[in-house]
Structure formats: C-alpha cells, structure tokens
There are 2 protein chains.
Amino acid sequence: MIQAKGYAVQGPESKFEPFSFERRELGASDVLIEIQYCGVCHSDIHQARNEWQNSIYPMVPGHEIVGRISQVGAEVSKFKEGDAAGVGCFVDSCRTCENCKDDFEQFCQKQAAQTYNSTEMDRITPTFGGYSNQIVVDENYALKVSADQNPANVAPLLCAGITTYSPLKRFGVGKGQKVGIVGLGGLGHMGVKLAVSMGAEVTVFSTSPSKEEDARKLGAHNFVVTKESENIKPLAGKFDFILDTVSAAHDLNMYLNLLKLNGAMVIVGVPNKPAEVHAFSLIGNNRTLAGSGIGGIAETQEMLDYCAENNITSDVEVIPIQQIEQAYERTVKGDVRYRFVIDMQSLA
Amino acid sequence: MIQAKGYAVQGPESKFEPFSFERRELGASDVLIEIQYCGVCHSDIHQARNEWQNSIYPMVPGHEIVGRISQVGAEVSKFKEGDAAGVGCFVDSCRTCENCKDDFEQFCQKQAAQTYNSTEMDRITPTFGGYSNQIVVDENYALKVSADQNPANVAPLLCAGITTYSPLKRFGVGKGQKVGIVGLGGLGHMGVKLAVSMGAEVTVFSTSPSKEEDARKLGAHNFVVTKESENIKPLAGKFDFILDTVSAAHDLNMYLNLLKLNGAMVIVGVPNKPAEVHAFSLIGNNRTLAGSGIGGIAETQEMLDYCAENNITSDVEVIPIQQIEQAYERTVKGDVRYRFVIDMQSLA
C-alpha cells in the first residue's frame, strides 16, 4: 500500500486534524498523482458536517484536485510521469450502464464512486479526497490539465468549472443571448466568466451591492441587486437562459418570470428545503426549469481544454491546510473571492 | 351588430342562465361561425366561479368551439361559407411582437385577447365564448376543421388537444420512448391517444384503479396506481418523458425521479398552490421540469390536421346546454369520460 497523509474530520462536530492513511498500490491502469492544490467546495463543508446525513468518517474531503503524475501503472497510456493531471468529483463508475456508456458517469446507474465520503466500486474500500498529498486513480477517471495555467487557479474548474460549463453548453448559450447568473460565489463567478467567453450578454443577480465591481471585472455586462423588486420587474421576459448557483433557499418564481419564450433556468445549488414553484411560472412562455449535476469525464476534459484555450481559470485565495477551519467559516459567510484552494506543500 | 344568444353567469355564485348579447358586424377579414358544439374545459369552471380572481361578468365561457362558417368578410381567403371551422382559447393578439411573429400568439407580449373573460385588443370590448349560437372572429384566429370527423368529438381538440400535443412535439416524443401520462381526465386521455399515435410506450399514472380498463382501451401499454408507493419505486429512472395533466396539488418529485438521463416532465395543469420541488429531483440525471401553455394558431392547425390524418378525436359526453350545471359538478368530481361537449342545437 502507499502511505498518504492529509487532513480529516472524525465526526460532524470535529475539527480537522492531520490524518495518515493508505492508498492502494497502483493497478495496471492506475496513476499516482502528487497533489499540488485542492479547492474547497461548499459541498465539502456540507459533508464534513454531515449536513446531508450521509457522511462516512473519518473523512478527507476534496474533489477539486490538481497535481503531477508521479507514477503510472503498466498499461497506462493517457499519462506519463510529470504530466499535469486533475481529479474531480468521482473516481470510478460501473462503466457498463447506459449512462456510463453515454459519458454521463456522474449519473452511473450503479452509483459512481465519489472522490470522498464514498467507497470504491467494490462498495467496501472507503475513498479519501484531495485534502492530502497524493491520490491513486484509474487513468480513465483522471483529467489532463494544461501545464500552462496556474494549477491553483485550475483546481476549482474540476467542480465549480464543470458544474457551470455543462448547463451553459447543454442549453446552447452563445452570442446574442441574454444570460442571467444568480449568485456570485464560487460557482457564479465561473458561470460569469464562461458565459461571457461564449459571447452572451451577462447579467449578475446578487443580494450584495458590494459585488458589482467584481462582477464587472469578471466580464458581466449588467448587475442587478435583487433585494429591490423594482430592479427586477422591468426585466420580465427578457432572458434566454438563467443559471442559478445559489444554494440557500430562495424564490425561483421571480427568476422564472424573467425568461422569455422557451427560456430555461438551470439550478446547480442544493438548498436545504424544496423550492416552491408556481405552475403559471412555467406555463407562461413555455418555460423550463432544469437541474444539472457536474459533468462526465469527456465533458470535464472538454471544459478543461476550453478553459485552457480561452485562458479561463478560477479566482482563488490560496491557503495552507492549517487554515482550513477559518476557510470553512469564511466560505459559509460567502466571504471568499471566489474559491479557497489549499496549497498541499503546507502538509509537509 | 349581430344578435347572439348563449348561456352566461352573472357572478361567481350565479347559476347559468340564458343570455342575449351582440357580436360585432363582420369586418373585412372576419368570419361568422354558427357554433355546433363547445367543449367544457375545467378552466371554464375556474373562471365562471372566479377561482383565478380575474373574472369579468357577465361571462359566456367556452373555448373549444366547432361549427360551420355562415358568413365571410370581404377579404376572407381562408374560409368559405359552409366550411367546418374551430376557435380555441384566443381570438386575437397584437400580431407584431416577437412571440406573435414566432407563431406563439398565446404568449403575445401585449396579452392575447382570450376567447372569453377578456377583451378584444381594443381593451374595451368584452369577449364572449362558445356557450353560444354564433361567434365572429378574424379568419387568422379561426382554425380549419376536418369535415370528415364528428364535430362534437373534435371540439375538445381546440384546448385539450393542443395542450397535450404541443409538449409531446416540443420534446420530440416518438418511437421507442417510454412516456408517462399523469392523470386520466380530459387532458390525460388526449395525451394517451396522441403519445400512442406517435409511437411511444405509454404508461398512465392514476389514483383511480377503476380507470385501468379505459386507459388500455385508449391505447396505453401500462397502468400504474399511484397510491401504492411500491408500484412507483421500481420505475425510477425509466421514463424519457412525462406529461403531468393533473390540476390538483400533488407531489412532483415522485414523478421527476422516474425520469432517466436528460428526461423531461411537462406540467399543463395549474394547481391552486405551488409545487414543492427538491433540487436533487432535478439535478439527478440532469432532469427538466417545464410548463406548456396551449399552442399558437399554426401549431393548433398542425394538431388538427394531425388528428384528422390519424383519426384521433376526444371521447365525449354530449349534453344540452340546460345541463351545464350538472356537467360542472361532475367535471369537478372527475366524473366524465372524458369531456362534456355542449350541443348548441339545444339553445334553439
């Protein structure tokens, strides 16, 4: 076995502490990645604190992983030692179901092996995430990362990037379209950069007037403070597409009413209670409300390649792992611009 | 002016009574239709009783109108005297907005003139619907109806038909797809006939075990009683498309979970309270929840032509107008197979 070290929580109330554990020996199609950076996703916090009631402890969170290949299995063809590589939200899936075959491994009908708080497909071996110094993963579930981009800024693409890229692509966002991005956090700021790069006219909806300057720096054309309902009303029926990145409970009908004929709104956040949706909000203008969950391996690679070509990365605050507790507190308060990323050199 | 007679309610608590009123003189592009049959839509009841808080009295409901052209204006080219014709949910729109130009007059940005409980585009002249002996309408807002089909059975196509046809077409329902129809009422029974005609494998979801025989006669391949949750669970992730025709409040998440990857559910009913939608119900499998509101003139004509070619009409119970109160009571109880249609000869 390969000795790894990281930071783990032992229970929902625990603080993070150094944690030593084992990664499996490299199989023929496995690669060993020396982790350089790992992003801090809000879902790390939900799971570390058992807020989704499905937590397995000890837990080493982290699914926005970027590093360098330090060893390759006998049959690995996609990577060689020294390559930049990434790992996202899952590390394996059944590979045989309809969804896996259609490149939607994230919706594997037998349940994909999540990068942490999960097990390998053997349903026995626990998985541990990226708040650690190295990870073993099948090459088919590792991503190629551009060596030209700063790895700290690339790490959040593995979750925040694909989560926003996938619905923008699926709904054909492009030139001449009016696109709304609801919420300017880790997901929202990626949504703005990506939608702008695709040629859309982008409006940010936020409860924080203080974020207007940032929104415009990120490329947004318009900024609407949503606490003032008179700002919203004149926009009824104006938008082709709205990406709602807010994970706190909020009114969806207000945004649905901004959609024009056949317009669509996609939610990617998971509030802790259901949304109330009025039938007329959907029936008027034949509107669509959809959900979107990360992306499959092929689409994640497409997104990474797209971001490399278009010079897009995440805005990050790099922290040593010893500051993870403070980073969680600040993330919960929305006080981060726009993603904490852990520098794994701090583990040494 | 043209003298017309029909049945009207004078207020939310009133019973229907005979009512005499005037239709406008024929303009150059108007046709006069001698009404033969008018369907009884559940929305007639909502509006007659002011359940949507937007009722204008006196009200002559009815927007599933079929009859014969008895007179044509000087410039009418689409119809000649004696032609079978129909009128649906609206009788005019602005004709210049983006939605009108895109053949979605039902979503006219200046608000279409509804067939009743509305005004003409002058915003002054009240509109009166099809519970009457004749109607004057611009030829562009009248539909051609097959002379080969029974007009009583055709009438409900003007609302129930287009309401179900439009989403089935929009989401590409066809051969090899598994389609669910929720609710077997006026809309649901049309949804079954149409989806079956399009080649789908159709499952009816109903709370009434007694409707199974009917469902199968209508062409449904499967029937699921939704009160038993063990009937539902094995169907998770199996459906490409679900059309939800129920207008009473009910749980949407149960049905959303039946959708496979990228599957869509469309609601066409308007419950009197908002639905609670869990984010995970949409994010899992990248699911879509959409609304759909009737159809534009071009699509309504397409639907009528499709139904004529495919020998599809509504199952109806024909009543004299004097039985309208009893018909409302039975419709509210769901005790109609599957649409009441008023025979206007009874007005004489």
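Computed from a predicted structure; not experimentally measured. (Residues numbered from 1 in each chain as written. Chains lettered and ligands numbered in written order. Predicted model: local features only at pLDDT ≥ 70, side-chain atom pairs only at ≥ 80, totals over all residues. Heavy atoms only, no water.)

Q: I'd like a rundown of the overall build of chain A, residues and numbers included.
A: In terms of helices and strands, chain A carries 11 helices and 20 strands. Principal-axis analysis of the C-alpha atoms gives chain A an extent of 60 × 40 × 35 Å. In chain A, which comprises 348 residues, the share counted as buried stands at 61%. Taking the contacts inside chain A whose residues are at least 6 apart along the sequence as the reference set, 66% of them involve residues at least 24 apart. Just so you have it, chain A exposes about 13700 Å², and 47% of that area is on carbon and sulfur atoms. Considering chain A, the positive charge centre built from 31 side chains and the negative charge centre built from 42 side chains are found 6 Å apart. (Helix = DSSP H or I, 4+ residues; strand = E, 2+ residues; numbered from the N terminus. Buried < 20%, exposed > 50% of the residue type's maximum accessible area, 1.4 Å probe, protein only. Contact = heavy atoms within 4.5 Å. Areas by Shrake-Rupley, 256 points an atom, 1.4 Å probe, with all protein chains shown as cover. Lys, Arg positive; Asp, Glu negative; His and termini not counted. Charge placed at Lys NZ, Arg CZ, Asp CG, Glu CD.)

Q: An account of the packing of aromatic side chains is needed here, citing residue identities and associated values.
A: Residues and elements named next belong to chain B. Overall, the coordinates contain 22 aromatic pairs over all chains when judged by the stated rule. An angle of 75 degrees between the planes, with centres 6.1 Å apart, marks the rings of Phe90 and Tyr141 as edge-to-face. Within this pair, whereas Phe90 is found in strand S6 (residues 90–92), its partner Tyr141 is found in the loop between strand S10 (134–138) and strand S11 (143–144), the two being separated by 51 residues in sequence. Residues Phe90 and Tyr141 agree in their burial class; the two are buried. (Phe/Tyr/Trp six-rings, centres within 6.5 Å; stacked < 30°, edge-to-face > 60°.)

Q: So what's going on with the confidence of the model for chain A? Residues and values would help.
A: Detailed reading of the predicted model is not advised wherever pLDDT is low. Across chain A, the average pLDDT comes to 96, with 100% of residues at or above 70. Reported confidence for the predicted complex is 0.93 by ipTM and 0.95 by pTM. (pLDDT = per-residue confidence, 0-100.)

Q: Break down the domain arrangement of chain A for me, with residues and values.
A: All names here are of chain A. According to the domain assignment, chain A contains domain 1 (2–159 + 315–347) and domain 2 (161–291). Computed from C-alpha atoms alone, the centre-to-centre distance between domain 1 and domain 2 is 28 Å. Counting residues at the interface gives 9 residues for domain 1, matched by 13 residues for domain 2. Linking domain 1 to domain 2 there are 2 salt bridges. Put simply, Asp315 and Lys193 hold a salt bridge, and the shortest N to O gap is 2.6 Å. At the boundary of domain 1 with domain 2, the tally comes to 10 residue pairs in polar contact (both at pLDDT 80 or more). (Domains from an automatic or database assignment. Salt bridge = Lys/Arg side-chain N within 4 Å of Asp/Glu carboxyl O. Polar contact = N/O pair within 3.5 Å; in protein donor to acceptor, adjacent residues only side chain to side chain.)

Q: Go over the side chain of Asp44 of chain A with me, naming the residues and quoting the values.
A: Residues and elements named next belong to chain A. Inspection of the secondary structure puts Asp44 in helix H1 (residues 42–48). With no salt bridge to any partner, buried Asp44 finds its closest opposite charge in Arg339, at an N-O distance of 7.2 Å. Aside from chain neighbours lying at most four places away, what touches Asp44 is Gly39, Pro61, Gly62, His63, Tyr116, Tyr131 and Tyr328.

Q: Requested: an account of the relation of the copies chain A and chain B, with residues and values cited.
A: For the pair of chain copies, the relating operation is a rotation around an axis with a shift along it. For the pair chain A and chain B, the superposition axis carries a translation of 0.0 Å, the fit reaches an RMSD of 0.0 Å, and the rotation angle comes to 180 degrees. The symmetry that links the two subunits is that of a two-fold axis. The fraction of interface residues of chain A whose copies in chain B are also interface residues reaches 100%, indicating that both copies meet through the same surface. (Least-squares fit on C-alpha atoms with pLDDT ≥ 70 in both.)

Q: Can you break down the interface of chain A and chain B residue by residue, with the values?
A: Between chain A and chain B, the contact holds 33 residues from the first and 33 residues from the second. Around 2900 Å² of area is buried between chain A and chain B when both sides are counted, 62% of it from carbon and sulfur atoms. Looking only at chain A, the three residues that lose the most surface to chain B are Leu261, Ile283 and Asn286 of chain A, adding up to 20% of its buried area. At the boundary of chain A with chain B, the tally comes to 11 residue pairs in polar contact (both at pLDDT 80 or more). Secondary-structure elements contributing two or more residues to the side of chain A that touches chain B are helix H2 (98–101), strand S16 (259–267), strand S17 (275–277), helix H9 (279–283) and strand S18 (288–291) of chain A. Considering only residue class, the side of chain A that touches chain B consists of 16 nonpolar, 11 polar and 6 charged. Alignment of S18 of chain A against strand S18 (residues 288–291) of chain B, held across 3 bridges, turns out to be antiparallel. Bridge pairing in S18 of chain B places Leu289 of chain A opposite Leu289 of chain B. (Buried area = accessible area lost by both parts, 1.4 Å probe. Nonpolar A, V, L, I, M, F, W, Y, C, P; charged D, E, K, R; others polar. Pairing = 2+ DSSP bridges.)

Q: Account for the sheet that holds strand S15 (residues 239–244) of chain A, naming residues and giving values.
A: In sheet architecture, strand pairing relies on hydrogen bonds along the backbone and comes in two forms, parallel and antiparallel. Judged by pairing direction, the sheet is mixed, and its 12 strands sit side by side in the order S14(A)-S13(A)-S12(A)-S15(A)-S16(A)-S18(A)-S18(B)-S16(B)-S15(B)-S12(B)-S13(B)-S14(B) without closing on themselves. The open sheet is flanked by strand S14 (222–225) of chain A together with strand S14 (222–225) of chain B, the only strands paired with a single partner. The mean inter-strand angle of the sheet, taken between neighbouring strand axes irrespective of direction, is 20 degrees. Summarising the sheet, strand S12 (residues 178–182) of chain A and strand S13 (residues 201–206) of chain A pair through 5 bridges and their orientation is parallel. (Axes fitted to C-alpha atoms, helices over the stretch in contact; angles between N-to-C directions.)

Q: Tell me about the environment of Glu213 of chain A, and please be specific about residues and values.
A: Mapped onto the elements, Glu213 of chain A comes out in helix H6 (residues 212–217). A relative accessible area of 54% places Glu213 of chain A in the exposed class.

Q: Could you give me a rundown of helix H10 (residues 297–309) of chain A, with the residues and numbers involved?
A: Residues and elements named next belong to chain A. Spanning 13 residues, H10 covers 18 Å between terminal C-alpha atoms, matching the ideal 18 Å at 1.5 Å per step. Ile297, Glu299, Thr300, Gln301, Met303, Leu304, Tyr306 and Cys307 are the residues of H10 that are buried. Just downstream of H10 lies Asn311, where phi reads positive at about 55 degrees. (Expected span 1.5 Å × (residues − 1).)

Q: Before we move on, could you go through the side chain of Asn286 of chain A and cite the residues and values that matter?
A: Relative to the elements of secondary structure, Asn286 of chain A occurs in the loop between H9 and S18. A polar contact is formed between the side chain of Asn286 of chain A and the backbone nitrogen of Gly293 of chain B, at a distance of 2.9 Å. Not counting residues up to four positions away in its chain, the partners in contact with Asn286 of chain A are Asn262 and Gly263 of chain A together with Phe104, Phe107, Arg170, Gly291, Ser292 and Gly293 of chain B.

Q: An account of a negative patch on the surface is requested, with residue identities and associated values reported.
A: There is a patch of like negative charges on the surface, built from Asp251 and Glu276 of chain A together with Asp251 and Glu276 of chain B. Residue position: Glu276 of chain A is located in strand S17. (Patch = residues over 30% accessible without salt bridge, like charges linked within 9 Å, V, L, I, M, F, W, Y side chains within 5 Å.)

Q: Give me the lowdown on the pattern of salt bridges, citing residues and values where you can.
A: Tallied over the full model, the rule gives 30 salt bridges over all chains. In this structure, Arg95 of chain B engages Asp138 of chain B in a salt bridge whose closest nitrogen and oxygen atoms are separated by 3.0 Å. Taken together, the residues Arg95 of chain B in the loop between S6 and helix H2 (98–101) and Asp138 of chain B in strand S10 connect sequence positions 43 residues apart. Under the relative-accessibility criterion, Arg95 of chain B is labelled partly exposed at 37%. Between Lys217 of chain B and Glu213 of chain B there is a salt bridge, with the nearest N and O atoms lying 3.5 Å from each other. Here Lys217 of chain B pairs with Glu213 of chain B, and both are found in helix H6 (residues 212–217), just 4 residues apart, close to one helical turn. The same class applies to Lys217 of chain B and to Glu213 of chain B, which are both exposed. Several salt bridges converge on common partners, so that one network encompasses Arg24, Asp30 and Glu120 of chain A.

Q: Could you give me a rundown of the pairing of strand S3 (residues 30–39) of chain A, with the residues and numbers involved?
A: Residues and elements named next belong to chain A. Summarising burial for S3: 8 of the 10 residues are buried, a large majority. Bridge analysis of S3 against strand S10 (residues 134–138) gives 5 bridges, and the strand direction is antiparallel. Following the sheet pairing, Ile33 is matched in S10 by Ile135. Pairing geometry for S3 and strand S4 (residues 65–72), over 7 bridges, is antiparallel.

Q: Break down the nonpolar core for me, with residues and values.
A: Of all hydrophobic cores here, the largest spans 98 residues; its most connected members are Ile33 and Tyr131 of chain A. Residues lining this core come from more than one domain, with at least three contributed by each of domain 1 (2–159 + 315–347) and domain 2 (161–291) of chain A. The next biggest cluster of nonpolar side chains, apart from the first, holds 97 residues, and it includes Val66, Ala155, Leu304 and Tyr328 of chain B. (Core = buried A, V, L, I, M, F, W, Y, C linked by side-chain atoms within 4.5 Å.)

Q: So what's going on with the pairing of S15 of chain A? Which residues, and what values?
A: All names here are of chain A. Summarising burial for S15: 5 of the 6 residues are buried, a large majority. Summarising the sheet, S12 and S15 pair through 4 bridges and their orientation is parallel. Pairing of Gly180 across the sheet is with Ile242, part of S15. Sheet topology note: the S15/S16 ladder contains 5 bridges and is parallel.

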